[in-house]
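Coordinate inspection notes
Read off the chains here:
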Amino acid sequence: MQTVKMVVTGPFSSGKTEFIRSISEIQVVSTEKSLSKDTAEAAQKEATTVAMDFGRITVDDELTLFLFGTPGQRRFDFMWEILAEGMLGFIVMVDSSKPETFREAKTILETFRAYAPTPYVVAANKQDHPDAWKPEDLRIVLRLDPEVKLLPCIAKDRDSVRQVLLELLYTILEEMETN
Amino acid sequence: MPLQGNLRDFSTTQLLNLVNLSKRTGLLTIFDGITTNELDAMKQPKQIPGAERARIAFHQGRLVYASAANQDSSLVAVLNKAGKLNNEQARQLRERMGSLGDKGLAMRLIGAKYVTQGDILAAVKQNILDIVFNLMTLQEGPFRFDDNQSPGSDVILVPIELEPVIIEGGRRIKEAGEIDKVIGSLDVSLKFAENAKQKFKGVHLTVDEWKIVPYVDPKNTLRQIMKVVNMSELQIKRIVYSLNQAGLIEIVNSAKPQVLPQRPNRPTKPPTPPEKRVVLSIIEKLKSM
Ligand SMILES: Nc1nc2c(ncn2[C@@H]2O[C@H](COP(=O)(O)OP(=O)(O)OP(=O)(O)O)[C@@H](O)[C@H]2O)c(=O)[nH]1
Ligand SMILES: [Mg+2]
């Protein structure tokens, strides 16, 4: 039995848990913790991922794909390196409607690149949100190279999530072929 | 929906770059920020747009117009600033102009051989650049970009390529950055370099530099000196920087340098490359889901 893993990362509340939840076959074993009512985060969402999210896609009898979501809050970023170990590739989720998080998204992207030079894609999430920045504009402000895939995404929508995962896999394939 | 954000998350330079690369037409408006009690997603106090601070208009990726709230960008003011009209001429024109707009005025002035078309374009261009370079050093403020909006029909538009503006603005920001590296904050103080007496001999100081010299003493912070000599932060920092570069004065850091905790950044051992077969199976699976 072989397992492979992919990591879903990105700033706080960018939609990592939602992304994994949309595609995973088991209920996400997320270590979500309700945000206490008086914190600032509580105003924005009900739960945040404390240690990691964990989803699974059984490919066949021999092969299982695990999806790990990193905790969004920076005080847990000691976890990142552990999660990054041995990953097949990673996805950087960006909340397209929250420009104040773009710089953070870029920092996270670069940190993960430093952990492991594996293929990655960037998901411009929450494209259904009225304030969402378009992927083309995000590409410029995130200073992504033209060859880096930046994909529109709605993490609540399974097809959209599947498309992002497929694009990451195609990238992985391409890199295998060029190496 | 317009593009919205805050300059503390993007620099003006990045926005100009965005407009340049996407060859956009529209109006960028920058506001004073009113800080609220709410926090944004990065836990910074959320700012809502207050009074308008500046507007910059673009046409197909080129800068064409700029105005700032604290500056008169009318043609008369701009020509006056450029030395093409003296104060008296400017005053008279303002009186007589009536409802004549900038474009109409420009035609009259050219017709009357007051100024040439080239003078007008050069003065307006300089004004636009002054405003934009200044905005490029802004650290914060809500902004919005409205696609396809124009600054109004009666303003004089001068198309300016953005790339050189971005480069020059970047150079200025860098210069400010170099200065900040040497002069970390306004809480530093100054002292004379060793052998200052000899070094000062034969050095020609500017008037502004002379203003600072009497206050060079480790007991005075730059902040205090700035107040006494009535200079802006940038201005005093530039002067101190040049005196420091000339080896005349030294900067005394009172505050301990901040040591930022370093995140461990060792790359993990390279993963054993997965087999192609594995990737193909996952693709098949996802497609069938
Ligand atoms: N409109 C919209 N909302 C989304 C989308 N994806 C996620 N959300 C919402 O955004 C909020 C945050 O999503 P999460 O999946 O919890 O984000 P996260 O990245 O796991 O957050 P942390 O674990 O706290 O870092 C939730 O309220 C989601 O329902 C999307 O594509 N569109
Ligand atoms: Mg989560």
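Coordinates for the structure precede this section.
Worth saying up front: this structure is predicted, and the values here are computed from it rather than measured. (Residues numbered from 1 in each chain as written. Chains lettered and ligands numbered in written order. Predicted model: local features only at pLDDT ≥ 70, side-chain atom pairs only at ≥ 80, totals over all residues. Heavy atoms only, no water.)

A word on the pattern of salt bridges. All names here are of chain B. Considering all chains together, one arrives at 27 salt bridges over all chains under this definition. Of the charged contacts, one joins Asp40 and Arg8 as a salt bridge, the two residues approaching to 3.3 Å between their closest N and O atoms. One end of the pair, Asp40, is in the loop between β2 (26-39) and β3 (45-59); the other, Arg8, is in the loop between β1 (3-6) and α1 (12-21), with 32 residues separating them in the sequence. What makes Asp40 buried here is its relative accessible area of 4%. A relative accessible area of 17% places Arg8 in the buried class. In this structure, Glu52 and Arg55 form a salt bridge, with 2.6 Å as the shortest nitrogen-oxygen distance. When its relative accessible area of 27% is taken as the criterion, Arg55 is described as partly exposed. (Salt bridge = Lys/Arg side-chain N within 4 Å of Asp/Glu carboxyl O. Helix = DSSP H or I, 4+ residues; strand = E, 2+ residues; numbered from the N terminus. Buried < 20%, exposed > 50% of the residue type's maximum accessible area, 1.4 Å probe, protein only.)

In this section: helix α6 (residues 162-182) of chain B. Residues and elements named next belong to chain B. Between its terminal C-alpha atoms α6 stretches 30 Å, which fits the 30 Å expected from 21 residues at 1.5 Å a residue. What α6 keeps buried is the set Leu162, Val165, Ile166, Gly169 and Ile179. Viewed end-on, α6 has its buried residues packed into an arc of 145°, placing them on one side of the element. Structural note: α6 exposes Ile167, Lys174 and Lys181 on the side pointing more than 90 degrees away from its buried face. If you follow the buried residues of α6, they end up packed against α1, β3, β4 (62-68), α5 (117-136) and α10 (233-245). (Expected span 1.5 Å × (residues − 1). Arc of directions from axis to C-beta. Contact = heavy atoms within 4.5 Å.)

What follows concerns the interface of chain B and chain A. Contact residues are listed per partner, giving 41 residues for chain B and 52 residues for chain A. Around 4200 Å² of area is buried between chain B and chain A when both sides are counted, 64% of it from carbon and sulfur atoms. At the boundary of chain B with chain A, the tally comes to two salt bridges. On inspection of chain B and its partner chain A, the count reaches eleven residue pairs in polar contact (both at pLDDT 80 or more). Going through the elements one at a time, β1, α1 and α11 (276-288) of chain B are the ones with two or more residues in the side of chain B that touches chain A. Looking at the side of chain B that touches chain A, the element that brings in the most residues is α11 of chain B, giving eleven residues. In terms of residue class, the side of chain B that touches chain A is made up of 20 nonpolar, eight polar and 13 charged. (Buried area = accessible area lost by both parts, 1.4 Å probe. Polar contact = N/O pair within 3.5 Å; in protein donor to acceptor, adjacent residues only side chain to side chain. Nonpolar A, V, L, I, M, F, W, Y, C, P; charged D, E, K, R; others polar.)

Purely spatial values, then, with no claim about function.
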